[in-house]
Amino acid sequence: MTRFSPSLMIRHFILMIGAAVVLAPFVVMLSYSLKSPAEIERGTGGLFGAQEMMVDPKCALRNAPRRGDIETARTRFPDRDDSAIQTLLTEEANAACKVRPVVFNYRSAFQDAPLLRYLLNGVIVTASIFLLQILIALPAAYALSKLKFWGREAVFGLVLFCLLIPVHAIALPLYLGLAKIGLTNTYAALVVPWIVSAFGIFLMRQFFMTVPDDLVDAARMDGMTEFAIVWRVMLPTAVPALLAFAIFSVVAHWNDYFWPRIVVTGDRSLFTPPLGLREFQAGADGNLYGPMMATATVIVIPLIVAFMLAQRRFIEGITLSGMK
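Residues numbered from 1 in each chain as written. Predicted model: local features only at pLDDT ≥ 70, side-chain atom pairs only at ≥ 80, totals over all residues. Heavy atoms only, no water.

**Quick word on the overall build of the chain**
- When helices and strands are counted, the chain shows 18 helices and two strands.
- Within the chain, the proportion of its 324 residues that are buried is 36%.
- A separation threshold of at least 6 residues defines the contact pool for the chain, and within that pool the share at least 24 residues apart is 73%.
- A total accessible area of about 18800 Å² is found for the chain, and carbon and sulfur atoms account for 68% of it. (Helix = DSSP H or I, 4+ residues; strand = E, 2+ residues; numbered from the N terminus. Buried < 20%, exposed > 50% of the residue type's maximum accessible area, 1.4 Å probe, protein only. Contact = heavy atoms within 4.5 Å. Areas by Shrake-Rupley, 256 points an atom, 1.4 Å probe, with all protein chains shown as cover.)

**Things to note about the packing of aromatic side chains**
- A full pass over the atoms with the stated rule returns seven aromatic pairs.
- One aromatic cluster in this structure is built from Phe130, Phe199, Phe245 and Phe248.
- Positioned above the aromatic ring of phenylalanine 156 is the side chain of arginine 205, whose terminal nitrogen or guanidinium carbon lies 3.9 Å from the ring centre. (Phe/Tyr/Trp six-rings, centres within 6.5 Å; stacked < 30°, edge-to-face > 60°. Lys NZ or Arg CZ within 6 Å of the ring centre and 35° of its normal.)

**Some thoughts on the side chain of glutamine 133**
- Along the chain, glutamine 133 falls in helix α7 (residues 115–146).
- Judged by relative accessible area, glutamine 133 falls into the buried class, the value being 4%.
- Separated by 2.8 Å, the side chains of glutamine 133 and serine 249 make a polar contact.
- Among all residues touching glutamine 133, those that are not within four sequence positions of it are Trp194, Ile195, Ser197, Phe245, Ser249 and His253. (Polar contact = N/O pair within 3.5 Å; in protein donor to acceptor, adjacent residues only side chain to side chain.)

**Notes on the nonpolar core**
- Core analysis: the biggest nonpolar cluster contains 24 residues, and Leu115, Leu119, Trp259, Val263 and Val264 have the highest contact counts within it.
- Every element with two or more residues in this core is listed here: α7, α9 (167–180), α10 (187–191), α15 (258–263) and α17 (289–309).
- Ranked by the residues each element gives to this core, the list is headed by α7, at five residues.
- Setting aside residues up to four positions removed in sequence, tryptophan 259 forms contacts with Ala171, Leu174, Tyr175, Leu178, Ala189, Leu190, Pro193 and Trp194.
- If you look at the next biggest cluster of nonpolar residues, it comprises 22 residues, including Ile134, Leu203, Ala219 and Ala241. (Core = buried A, V, L, I, M, F, W, Y, C linked by side-chain atoms within 4.5 Å.)

**Section: the packing of helix α1 (residues 6–32) against α17**
- It is the contact of α1 with α17, at a shortest axis distance of 7 Å, that shows an interaxial angle of 125°. It follows from the interaxial angle that α1 and α17 lie oblique. When you trace α1 past α17, the crossing you get is left-handed. Across the interface between the two elements, Phe26, Met29, Leu30 and Tyr32 of α1 pack against Gly290, Met293, Ala296, Thr297 and Val300 of α17.
- Counted by class, the contact of α1 with α17 contains seven nonpolar, two polar and no charged residues. (Axes fitted to C-alpha atoms, helices over the stretch in contact; angles between N-to-C directions. Parallel < 35°, antiparallel > 145°, perpendicular 65-115°, else oblique. Left-handed = near helix turned anticlockwise from the far one by under 90°. Nonpolar A, V, L, I, M, F, W, Y, C, P; charged D, E, K, R; others polar.)

**Here's the deal with the environment of asparagine 185**
- Inspection of the secondary structure assignment puts asparagine 185 in the loop between α9 and α10.
- Once the C-alpha coordinates of asparagine 185 and arginine 268 are considered, the two residues, 83 residues apart in sequence, prove to be 9.2 Å apart.
- Setting aside anything within four residues of it in sequence, one finds asparagine 185 in contact with Val263, Val264, Thr265, Gly266, Asp267 and Leu270.
- Here threonine 265 takes part through its backbone nitrogen, which lies 2.7 Å from a polar atom of the side chain of asparagine 185.

**Brief notes about the pattern of salt bridges**
- According to the stated counting rule, one finds five salt bridges in the structure shown.
- Two residues, arginine 107 and aspartate 56, come together in a salt bridge whose shortest N-O distance is 3.3 Å. Residue arginine 107 is located in helix α6 (residues 101–111), and its partner aspartate 56 is located in the loop between β1 (54–55) and α3 (57–62); the two are separated by 51 residues in the primary sequence.
- Where aspartate 217 meets arginine 220, a salt bridge forms, and the shortest distance between an N and an O atom there is 3.5 Å. One end of the pair, aspartate 217, and the other, arginine 220, are both in helix α12 (residues 213–221), three residues apart, so they sit about a helical turn from each other.
- Aspartate 217 gets classed as partly exposed once you look at its relative accessible area, which sits at 35%.
- Assessed through its relative accessible area of 31%, arginine 220 is described here as partly exposed.
- Each of Asp217, Arg220 and Glu226 takes part in salt bridges that share partners, so that together they form one network. (Salt bridge = Lys/Arg side-chain N within 4 Å of Asp/Glu carboxyl O.)

**Concerning the side chain of threonine 126**
- Inspection of the secondary structure puts threonine 126 in helix α7.
- Residue threonine 126 is classed as buried on the basis of its relative accessible area of 5%.
- Polar side-chain contacts of threonine 126 include one of 2.6 Å to the backbone oxygen of glycine 122.
- Looking at threonine 126, its side chain comes within polar contact range of the main-chain oxygen of valine 123, at 3.4 Å.
- Those residues in contact with threonine 126 that sit more than four places away from it in its chain are Val250, His253 and Trp254.

Shown next, in the form of structure tokens:
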């Protein structure tokens, strides 16, 4: 029987606290996506909400009785005045618009905003950025790890220096440059500034350092060019590191709100998933937290699924990249 030492139990306890802190926002997000506005406001309903029928406010507004409806309904209610008829018609409209909170939140997420379009934009942008980053990072990392040339260490030092530069520091020059050539409100504005990844070059270089030089020398003896070695020898060996970098790259650009908010100013069809959350923010009647959290849940699910599928390779890639 395994016996736990006090120090081991303390470490596990600290890890559990850390996991709870990390998971708490996701639990709240999922819970709010299932609750009615009244339950969210009062903080009631537990984790999943009571799921009692509620009136869809937008449906009720669309079906609210007009003057013509009141005139038509007089034959049904001959002994009622206009005010009473309007009240009865309003009650009928509200009854027809009753729905479960979970249905209201997720239906609003897809109907009130073109969420599928935003998700497609996110896929196009993140996939394009990652593929272009790989086209640059792999040859650069190979040169910095396996080729001997004057100034190699200085170039690698510049790569490390670039890791220290925050994106917010270069956002204004990047925007002005894109605006000068008329690329704002385009997919190019969302993709081009990020196709050179200093972190990708660093990660792949660290991984390539673990690849034996004899493998590269054997490929050269077979007559392969340096570019052929990169794509036919080094690339197949770098799959774990590529998956690790893919997780970092996709998560960073899928969740990026700062840069798309700057370069996409007028074309709603170019909104990425994080920008889609603005559709439910600060409306005339306040924020729609239920649909907002439902949208956030839909945005997060692809990342969680991708990470769970690539978890083993991700850990392997991170471990091997730090071996040397």
